[in-house]
2 protein chains.
Amino acid sequence: MANRIITISREFGSGGRTIGRQTAQRLGIPCYDAELIEKIAEESGLAGDYIREKGEHSVHANPLANIFMSDRSNGGFSMQDYLWKVQRQVVCDIAEKGSCVIVGRCADYILRERQDVLAAFIHADMEKRAERIVRVYGEDVDTPILKRVKEKDKRRKTYHRFYTDEEWGRAQNYHICLDSGVLGIDTCTDILCSLYEK
Amino acid sequence: MANRIITISREFGSGGRTIGRQTAQRLGIPCYDAELIEKIAEESGLAGDYIREKGEHSVHANPLANIFMSDRSNGGFSMQDYLWKVQRQVVCDIAEKGSCVIVGRCADYILRERQDVLAAFIHADMEKRAERIVRVYGEDVDTPILKRVKEKDKRRKTYHRFYTDEEWGRAQNYHICLDSGVLGIDTCTDILCSLYEK
């Protein structure tokens, strides 16, 4: 079956989101990134449904309060678990709707059983990512740039590992992995576009 | 600097060598694989030089005997270490000579400081590789196919890890990683060709 959906996992600062947007724009299909998926999840009311469904322990009216009430060792669910479930559902719905690019949210893993998905991973070396982050997002006077990159990588890696049981950045988990620092953002976009509907 | 040399690391049965040959043929440049590099090393007489150079312990006239005489814990070198040194030198010489494709022999690692190298990793899932191996190399009645694939993978992984201290198949170690089982041998060739001299 032809690739109709392109998922992009990416290291912080590798330009993965930009590559996703450019690819989608050139192919004339929508691009969903983490922010958009969160927004859809919020608007859908799914979060509320999931929280109500889990009646086995008291759930605070303020969802954020659940973070402090949760206890996984007692079989409880953390707020992050609810968000994961809701966002997973949103990713599945998006994929069902039509061709698109999805950036982040472990979409490669969530959609791994589909035959029409191309799973891409974008990475770059630390220096090039640091340079890009400062250029695109600006300096953060409180946190040195390398510390910012390392912390963000660690978060993504841990999140991915927890919900997928897979190792983040292992080549075998993706159909294509690209070093955007060496190949460049535009070449990465060219390659992904060339694989669409192949 | 433009990519003048393409190195290909590959999982056994992924078609990496075929992709390397096709790419080289289409670009009109030579392709060196493990067998050819071994042959060049043998003919060069480098192996003899390296063995003579290591005078600190007795070396048998028959190089194979050194395998049994070596003892790394005493600071000795195994025959495999000599071969590694010789083949590393051959890879460096080849790269110096002109544009080419080099398959295997940790060439990506050996040439990592050069700015004109595109390092590729080719992989595919176990089933597709097993199917290809039987098709290309035939059945081995004594060893079941999945066992053959796993053993060969283990050997390549261990060899790579020992001489490079890097994790084999980690996306970040390559400029591009391709799943030949999903993308197909010809599409992988197309992509590598499109990156030559970029």
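Residues numbered from 1 in each chain as written. Chains lettered and ligands numbered in written order. Predicted model: local features only at pLDDT ≥ 70, side-chain atom pairs only at ≥ 80, totals over all residues. Heavy atoms only, no water.

### Brief notes about the overall build of chain A
- When helices and strands are tallied, chain A shows 10 helices and 5 strands.
- Among the 198 residues that make up chain A, the fraction classed as buried is 49%.
- A fraction of 71% describes how many contacts in chain A between residues 6 or more apart in sequence connect residues 24 or more apart.
- With an accessible surface of roughly 10,200 Å², chain A has 49% of that area assigned to carbon and sulfur atoms. (Helix = DSSP H or I, 4+ residues; strand = E, 2+ residues; numbered from the N terminus. Buried < 20%, exposed > 50% of the residue type's maximum accessible area, 1.4 Å probe, protein only. Contact = heavy atoms within 4.5 Å. Areas by Shrake-Rupley, 256 points an atom, 1.4 Å probe, with all protein chains shown as cover.)

### As for the sheet that holds strand β2 (residues 31-32) of chain B
- Taken in spatial order, the 10 strands of this open sheet run β2(A)-β3(A)-β1(A)-β4(A)-β5(A)-β5(B)-β4(B)-β1(B)-β3(B)-β2(B), and their pairing is mixed. Each edge of the sheet is formed by a strand with only one pairing partner; in this case those strands are β2 (31-32) of chain A together with β2 of chain B.
- Bridge analysis of strand β1 (residues 5-10) of chain A against strand β4 (residues 117-123) of chain A gives 6 bridges, and the strand direction is parallel. If you follow I8 of chain A over to β4 of chain A, its bridge partner there is A120 of chain A.
- Here helix α10 (residues 185-195) of chain A sits on the sheet and contacts β1, β4 and β5 (176-179) of chain A together with β5 (176-179) of chain B; the angle it forms with β5 of chain A, its principal contact strand, is near 165 degrees. (Pairing = 2+ DSSP bridges. Axes fitted to C-alpha atoms, helices over the stretch in contact; angles between N-to-C directions.)

### Observations concerning the side chain of R132 of chain A
Residue and element names in this part refer to chain A.
- Relative to the elements of secondary structure, R132 occurs in helix α7 (residues 126-137).
- Look at R132: it is buried, it has no salt bridge, and the nearest opposite charge is E131 at 7.4 Å.
- Sequence-distant contacts of R132, that is, excluding residues within four places in its chain, are made with G13, S14, G15, T18, Y137 and I185. (Lys, Arg positive; Asp, Glu negative; His and termini not counted. Salt bridge = Lys/Arg side-chain N within 4 Å of Asp/Glu carboxyl O.)

### Quick look at the packing of aromatic side chains
- Under the defined criterion, the tally for this structure stands at 14 aromatic pairs over all chains.
- On the basis of an interplanar angle of 85 degrees and a centroid distance of 4.9 Å, the ring pair of F162 of chain A and Y163 of chain A is categorised as edge-to-face.
- Residue F162 of chain A is classed as partly exposed on the basis of its relative accessible area, which comes to 47%.
- Counting every residue linked through ring pairs, the aromatic cluster contains W84, Y159, F162 and Y163 of chain A.
- Between the NZ or CZ atom of K152 of chain A and the centre of the ring of F12 of chain A, over which it lies, the distance is 4.9 Å.
- Directly above the ring of Y109 of chain B sits R112 of chain B, whose terminal nitrogen or CZ lies 3.8 Å from the centroid. (Phe/Tyr/Trp six-rings, centres within 6.5 Å; stacked < 30°, edge-to-face > 60°. Lys NZ or Arg CZ within 6 Å of the ring centre and 35° of its normal.)

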